[in-house]
Amino acid sequence: MLEISNLNVHFGVIHALKGVSLKVEEGEIVTLIGANGAGKTTTLRTISGLKKPTSGTILFNGNDITSTLPQDRVRMGISLAPEGRRIFSSLTVLENLELGAYLRRDKAEIKKDIDMVYERFPILKARRKQAAGTLSGGEQQMLAIGRALMSRPKLLCLDEPSMGLAPLLVQEIFDIIQDINQKGTTILLVEQNANMALQIANRAYVMETGTITLSGPGAELMRSEEIKKAYLGG
Amino acid sequence: MKKLADIKGIKKWVALLLTYAVVQLLVSLNIINDYIMATLTTICINIILAVSLNLITGFTGQFSLGHAGFMSIGAYTCAIIIMRYPSPVSFITGLFLGAIFAALLGFIVGLPTLRLRGDYLAIATLGMAEIIRIVFLNLDITNGAAGLFIEVQYTNWLWLFIFTTGTVILITNFINSSHGRACISIREDEIAAEAMGINTTKYKVIAFIIGAFCAGIAGALYASYFYFIKPDLFGFLKSIDILVIVVLGGLGSISGSILAAFLLALISSLLQSFPEIRMVIYAVLLIVIMLFRPQGIMGSKELSLSAFKSLGGIFERRNGGER
């Protein structure tokens, strides 16, 4: 579904991604793990078009999308729930969800999808008229995921959905991610919480300072000594 | 539901027409003298300027310090045209031409500079306004630093009323449309807005163009009311004056801008009797208001009839409790 090859990204003189290649097949959960500053967020931003690569190609369903605009990629079915949630805090929960469907014009279907998001996250329905900035961290993350779902993505990119959440909530968010995947959405998950991410992922890539150092099925990587030492605390 | 909305709409139009008629009556009875009319004109022009800057700064979140520059384009265009061909038709032509020139400049300047954020954008727009001022200072057609005397006055209560309400209605409708929602989302979080597929550059430039267009109208109204314009009137301080109204009223509140325009005009005319310390008191008042209401008079909320109704509701409940 998504195939990135030999992607290079620069921020000024800093070489942030050094020839990154990865693949996501339809129906999978693929996770990208690694330490702070490894380039995980940059990879996602380049996939969704927020950052332009200096070289390399991005194929989505066989089409070269390397130089297309972010809005075209949203239309094609790539959606991003950005790092740090980035909800529109002075707008209401409902307005946030409506903005998630900004490019769509099918009002009746949008309404259906809002109900679908409410069904998945009942707390958002209860708070639909509330300013999004007044939600708790976990609720904001649910809103960020719900908002990203509003464009009816084929590929949902999640950037550190567990960041800053209590362990119980982390479990809940990961359950939801699995559930979204089972209903047919392919997921590319960037995480620092390697343990949780590897548990739900079909396949995983490990990033270090701009390059991919390891890849393989999630369960396999969990047993790897290297990974255990570096990311799983033992 | 639809009928109710219609009735509400009709009520609004009736209220607007009534306001116009009452003031017009007072003007023709000479109860509103020249002094009051001049204040009223300043208020209307300031409302147009503040509401349009609010679209750029308050709603779209782009910090612009160049609004007086756009205003001067409208003022000079209209002044030059009505000095050559003094007639009401050329006044309206000049006004729209000035607004269109201002909008055009907004587009040309906005496209490259709106990539900048926050204070960088503020400095770029400040530079733009200074360039405009210096161009007017050195052109022959604008008569340089001496400025232009316009012998005819076309701005009257009718035009002020039409363009002030027109601006407010235009910008309110824009804000409440899906385009307006896109602008607000840019203010809230530009990266998230982009990730939702919103073309952020496009909407920033659109806000800039509409804002510049309205500022051009305000400039034209100014030029054909106050008889005299010179480049210094549209300097950095004028841009700051407009920004003060917007911040005082509340970033992201149209009714706040309108209220603040009235309030500041009221304060400065009440202070006319203390000429020595007028500006000191004015400044102190601004500081005090900002200390106690840093979000501005209205915050990002709008004044509405339903707000009064809910206030009424509180009183009713209280009365009910006593019984």
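Residues numbered from 1 in each chain as written. Chains lettered and ligands numbered in written order. Predicted model: local features only at pLDDT ≥ 70, side-chain atom pairs only at ≥ 80, totals over all residues. Heavy atoms only, no water.

With that out of the way, let us pick up the interface of chain A and chain B. At the interface, 18 residues of chain A touch 18 residues of chain B. Between chain A and chain B the total buried area reaches about 1,700 Å² when both faces are included, carbon and sulfur atoms providing 61% of it. Per-residue buried area on chain A facing chain B is highest for Arg-86, Phe-88 and Tyr-102 of chain A; these three make up 33% of the total on that side. Close ionic contact of Arg-181 of chain B with Glu-95 of chain A constitutes a salt bridge, the shortest N to O distance being 3.7 Å. Among the secondary structure elements, those contributing two or more residues to the side of chain A that touches chain B are helix 2 (70-76) and helix 3 (93-100) of chain A. No other element matches the four residues that helix 3 of chain A contributes to the side of chain A that touches chain B. (Contact = heavy atoms within 4.5 Å. Buried area = accessible area lost by both parts, 1.4 Å probe. Salt bridge = Lys/Arg side-chain N within 4 Å of Asp/Glu carboxyl O. Helix = DSSP H or I, 4+ residues; strand = E, 2+ residues; numbered from the N terminus.)

A word on the environment of Tyr-85 of chain B. All names here are of chain B. Mapping Tyr-85 onto the fold places it in the loop between helix 3 (67-84) and helix 4 (88-113). Taking relative accessible area as the criterion, Tyr-85 reaches 57% and is therefore assigned exposed. Measuring from C-alpha to C-alpha, the distance between Tyr-85 and Phe-274 comes to 42 Å, with 189 residues separating the pair along the chain. (Buried < 20%, exposed > 50% of the residue type's maximum accessible area, 1.4 Å probe, protein only.)

What follows concerns the domain arrangement of chain B. Residue and element names in this part refer to chain B. Examined at the domain level, chain B breaks down into domain 1 (1-32) and domain 2 (33-315). A separation of 24 Å is found between the C-alpha centroids of domain 1 and domain 2. Between domain 1 and domain 2, the contact holds ten residues from the first and ten residues from the second. Carbon and sulfur atoms make up 81% of the area that domain 1 and domain 2 hide from each other, which totals about 820 Å². Of all residues in domain 1, the largest losses of buried area upon contact with domain 2 belong to Leu-16, Tyr-20 and Ile-32, amounting jointly to 56% of the total for that side. For the pair domain 1 and domain 2, the interface holds zero salt bridges. (Domains from an automatic or database assignment.)

A word on the state of the cysteines. Between two cysteines, a covalent bond joining their sulfur atoms is known as a disulfide. Under the definition given, this model contains zero disulfides over all chains. We note that Cys-214 of chain B lacks a disulfide partner, and the nearest cysteine sulfur, in Cys-183 of chain B, lies 13 Å from it. (Disulfide = S-S within 2.5 Å.)

Moving on, we get to the confidence of the model for chain B. Residues and elements named next belong to chain B. On average, residues of chain B score 88 in pLDDT, and 92% of them reach the 70 mark or higher. Mean pLDDT across the secondary structure elements of chain B bottoms out at helix 13 (residues 305-322), with 50, and peaks at helix 3, with 96. Contacts of residues 317-323 to residues separated by more than four positions or lying in other chains number zero contacts, the stretch itself having pLDDT below 50. Confidence metrics for the complex model read pTM 0.88 and ipTM 0.90. (pLDDT = per-residue confidence, 0-100.)

As a further point, take the packing of aromatic side chains. Here the structure, examined in full by the defined rule, presents 15 aromatic pairs over all chains. For the ring pair Tyr-102 of chain A and Tyr-203 of chain B, a centre distance of 6.4 Å and an interplane angle of 85° mean the geometry is edge-to-face. Placement of the pair is Tyr-102 of chain A in the loop between helix 3 and helix 4 (107-120) and Tyr-203 of chain B in helix 9 (residues 200-223), with the two residues belonging to separate chains. Residues Tyr-102 of chain A and Tyr-203 of chain B agree in their burial class; the two are buried. Centre to centre, the rings of Tyr-76 of chain B and Phe-234 of chain B are 6.5 Å apart; their planes meet at 65°, and the pair counts as edge-to-face. Here Phe-234 of chain B lies in the loop between strand 2 (228-229) and helix 10 (236-249) and Tyr-76 of chain B lies in helix 3, a separation of 158 residues in the sequence. Here the two residues Tyr-76 of chain B and Phe-234 of chain B agree in accessibility, since each one is buried. A network of ring pairs unites the aromatic residues Tyr-76, Phe-136, Tyr-222, Tyr-225, Phe-226 and Phe-234 of chain B as a single cluster. (Phe/Tyr/Trp six-rings, centres within 6.5 Å; stacked < 30°, edge-to-face > 60°.)

Here we take up a nonpolar patch on the surface. Among the surface-exposed residues, Phe-96, Leu-97, Ile-100, Phe-101, Leu-104, Phe-107, Ile-108 and Leu-111 of chain B lie close enough to one another that they form a single nonpolar patch of about 700 Å² accessible area. Position of Phe-101 of chain B relative to the elements: it lies in helix 4. (Patch = residues over 30% accessible without salt bridge, like charges linked within 9 Å, V, L, I, M, F, W, Y side chains within 5 Å. Areas by Shrake-Rupley, 256 points an atom, 1.4 Å probe, with all protein chains shown as cover.)

With 123 residues, the main nonpolar core has Leu-2, Leu-155 and Leu-188 of chain A together with Trp-157, Leu-221 and Ile-229 of chain B as its most contacted residues. Shared between two domains, this core holds at least three residues of each, these being domain 1 (1-32) and domain 2 (33-315) of chain B. Core analysis: the next-biggest nonpolar cluster, separate from the first, contains 43 residues, Val-93, Ala-144, Ile-145 and Ile-176 of chain A among them. (Core = buried A, V, L, I, M, F, W, Y, C linked by side-chain atoms within 4.5 Å.)

What follows covers the side chain of Thr-46 of chain A. Among the secondary structure elements, Thr-46 of chain A is positioned in helix 1 (residues 40-47). The residues contacting Thr-46 of chain A, other than those within four sequence positions of it, are Leu-7, Val-9, Leu-17, Lys-51, Pro-53, Ile-58 and Arg-73 of chain A.

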